[in-house]
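Each chain is listed here by its residues.
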Amino acid sequence: MKTFNFSAGPGCLPDSVLKIASLAATDYEDSGISLMEMSHRSTDVMNLFDNATSRVKSLLKIPNNYHVLWLQGGASLQFSMVPLNLLPDKGIADYIETGSWSTKAIKECNRVGTVNVSASSKAKNFSYIPKKLIQNESSSYLHFTSNNTIYGTQFKKFPDPLNPNGYLVADMSSDIFSRTIDVSKFGLIYAGAQKNMGPAGVTLVIIREDLVGLNHREIPTMLNYKTHVLKESMFNTPPVFSVFIVNETLKWLEKIGGIEAIEKINNNKAKKLYDEIDLNKHFKCPVNIEDRSIMNVPFIFKNNSFSDKEFLAFCDKRGLKTLKGHRSVGGFRASIYNAMPEAGVEALILSIREYTRNL
Ligand code: PMP
């Protein structure tokens, strides 16, 4: 029986990539040694980083005045690095609060400067994306989380900063490489790898050249983007194996046809699943229709006397794993990242139909 992993993160990776990774774990390209044992100063590893960086630039069509960095500390460290590096002394930044991750980003920015919460959907348990923003006109940047992994909402249209000298900063951890984006609208984009790119341990940062080394304050060397730009992400020992898997996942994405192709596939997978949930008389999706994520699909029983546990066990027996919803939403969440095949979504739809047939 084929198993499908619907985990929200770390998320599923393409089978072919996992096979290549297992080979590299023992014998990297017939060198006789594991990639995990290789020096990051070796030509092989430096080439690997160059290739991964070039792939990111070409897949996302990144303009020349941006740097691509491979950092550690997860997306969570970016919550601090962004304001430490970008916010002037006594500066203000706009943040849109659309879920727990943006709340955490707001908390860290507040340690450095002043946050203006431009909009929040907290009062409605983050079930929608706020469209009306109240921005501060002298704000340095406007920060938002493009896809809210826990609540299953997603910005379909990106907001514009009010300040003409301002720029967008986005946490794209759970939808990077899933749809086309215009990088030139952003000052900085960050994303933990463990959903659409690879395993945990590496965070992709894309930063506009003029925002590197702003020198607003004394910050630890490792938290300064300039350190990593100058040393091409090799100031300290980088997570080589994670970057290797990212590079392989991006090769897989290129073979499919790149971002335009995967975006169509993702839209189609999501539509099929939402259609089933909407039509099924026992389930519903708690998210505002126009803001529904194409990556994370939460759904709940309409009747709360039905047992979530039983349905999860039913799915589990069919090889459909990790469907439990986040505790703040309840019910179920199907994360259908790039590497989730359409067959996985179809298997889930069948399970939903079969389970509810006799309820
Ligand atoms: N932002 C978003 C949108 C997330 O889904 C997550 C969870 N992976 C994070 C930030 C935190 O990421 P990390 O665990 O890499 O710090």
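As a reminder, the structure under discussion sits directly above these lines.
A brief structural summary.

Each value, and the rule that gives it
- Residues numbered from 1 in each chain as written.
- Predicted model: local features only at pLDDT ≥ 70, side-chain atom pairs only at ≥ 80, totals over all residues.
- Heavy atoms only, no water.
- Helix = DSSP H or I, 4+ residues; strand = E, 2+ residues; numbered from the N terminus.
- Rg over C-alpha atoms; globule rule 2.2 N^0.38 Å.
- Buried < 20%, exposed > 50% of the residue type's maximum accessible area, 1.4 Å probe, protein only.
- Contact = heavy atoms within 4.5 Å.
- Areas by Shrake-Rupley, 256 points an atom, 1.4 Å probe, with all protein chains shown as cover.
- Phe/Tyr/Trp six-rings, centres within 6.5 Å; stacked < 30°, edge-to-face > 60°.
- Lys NZ or Arg CZ within 6 Å of the ring centre and 35° of its normal.
- Near = heavy atom within 4 Å.
- Polar contact = N/O pair within 3.5 Å; in protein donor to acceptor, adjacent residues only side chain to side chain.
- Nonpolar A, V, L, I, M, F, W, Y, C, P; charged D, E, K, R; others polar.
- Axes fitted to C-alpha atoms, helices over the stretch in contact; angles between N-to-C directions.
- Parallel < 35°, antiparallel > 145°, perpendicular 65-115°, else oblique.
- Left-handed = near helix turned anticlockwise from the far one by under 90°.
- Pairing = 2+ DSSP bridges.
- Core = buried A, V, L, I, M, F, W, Y, C linked by side-chain atoms within 4.5 Å.
- Expected span 1.5 Å × (residues − 1).
- Arc of directions from axis to C-beta.

1. Brief notes about the overall build of the protein chain
Move 1: Along the protein chain, the regular secondary structure elements total nine helices and 14 strands.
Move 2: Expected size for 359 residues packed as a compact globule is a radius of gyration near 21 Å; at 21 Å, the protein chain falls within 12% of this value.
Move 3: Considering only C-alpha atoms, the protein chain reaches an extent of 65 × 60 × 30 Å along its principal axes.
Move 4: For the protein chain, the proportion of its 359 residues judged to be buried stands at 55%.
Move 5: Once local pairs closer than 6 in sequence are excluded, the contacts in the protein chain between residues at least 24 apart make up 69%.
Move 6: Looking at the protein chain as shown, the accessible area adds up to about 15900 Å², and 52% of this sits on carbon and sulfur atoms.

2. Here we look at the packing of aromatic side chains
Move 1: What the rule picks out here adds up to 22 aromatic pairs.
Move 2: Both rings, one in Y28 and one in F244, keep their centres 5.6 Å apart while their planes meet at 85°; by these two values the pair is edge-to-face. With a gap of 216 residues between them, Y28 in the loop between α1 (15–26) and α2 (43–59) and F244 in helix α6 (residues 240–256) connect regions that are remote in the sequence.
Move 3: Overall, the relative accessible area of 4% leaves F244 in the buried class.
Move 4: For the ring pair F301 and F306, a centre distance of 5.3 Å and an interplane angle of 70° mean the geometry is edge-to-face.
Move 5: A relative accessible area of 6% places F301 in the buried class.
Move 6: Look at F306 and you get partly exposed, because its relative accessible area is 23%.
Move 7: Here a set of aromatic residues connected by ring pairs shows up, and it is made of F283, F299, F301, F306, F311, F314, F332 and Y355.
Move 8: Lying over the aromatic face of F4, K2 brings its terminal NZ or CZ to 5.2 Å of the ring centre.

3. What to know about the site of the ligand
Move 1: For the ligand, the set of nearby residues contains 13 residues, the closest of which are S76, T149, D171, Q194 and K195.
Move 2: A distance of 3.3 Å separates an oxygen atom of the ligand from a polar side-chain atom of W101.
Move 3: Separating an oxygen atom of the ligand from a side-chain N or O atom of T149 is a distance of 2.5 Å.
Move 4: Take the shell around the ligand: its biggest share by element is four residues, from helix α3 (residues 74–86).
Move 5: Within the shell around the ligand, the residues separate by chemical class into three nonpolar, eight polar and two charged.

4. A closer look at the packing of α2 against α6
Move 1: Where α2 meets α6, the closest approach of the two axes is 9 Å, and the angle between their N-to-C directions is 40°. As the angle between them shows, α2 and α6 are arranged oblique. Like other packed secondary-structure pairs, α2 and α6 cross with a definite hand, here left-handed. Contacts between α2 and α6 involve V45, L48, F49, N51, A52, R55, V56, S58 and L59 from the former and V240, V243, F244, N247, L250, K251, L253 and E254 from the latter.
Move 2: Of the residues belonging to the contact of α2 with α6, the class tally is 11 nonpolar, three polar and three charged.

5. Topic: the sheet that holds strand β11 (residues 283–284)
Move 1: The strand order across the open sheet built from three strands is β11-β12-β14, with neighbouring strands paired in antiparallel fashion. Pairing within the sheet leaves two strands with one partner each, and these edge strands are β11 and β14 (332–335).
Move 2: In terms of strand pairing, strand β12 (residues 296–301) meets β14 through four bridges, oriented antiparallel. Counted as the bridge partner of N296 is S335 from β14.

6. A short note on the nonpolar core
The nonpolar side chains of soluble globular proteins are, as a tendency, buried together.
Move 1: Core analysis: the largest hydrophobic core is formed by 84 residues, its most contacted members being V56, L60, W70, F177, I206 and L273.
Move 2: For this core, the element with the most residues is α6, which contributes nine residues.

7. Structural notes on the pairing of strand β10 (residues 203–208)
Move 1: Judged by how many residues are buried, β10 sits mostly within the fold: six of six residues are covered.
Move 2: Neither face of β10 is exposed, since T203, V205 and I207 on one face and L204, I206 and R208 on the opposite face are all buried.
Move 3: Direction of pairing for strand β2 (residues 66–71) relative to β10: antiparallel, over a ladder of six bridges. What sits directly across from Y66, in β10, is R208.
Move 4: Direction of pairing for strand β9 (residues 186–192) relative to β10: antiparallel, over a ladder of five bridges. Paired with Y190 across the two strands is V205, which belongs to β10.

8. Observations regarding α2
Move 1: For α2, with 17 residues, the first-to-last C-alpha span of 24 Å sits near the 24 Å given by 1.5 Å per residue.
Move 2: Within α2, the full set of buried residues consists of V45, L48, F49, A52, T53, R55, V56 and L59. One side of α2 carries all its buried residues, which in axial view fall inside an arc of 160°.
Move 3: Considering only its buried residues, α2 is in contact with β2, β10, α6 and α7 (258–279).

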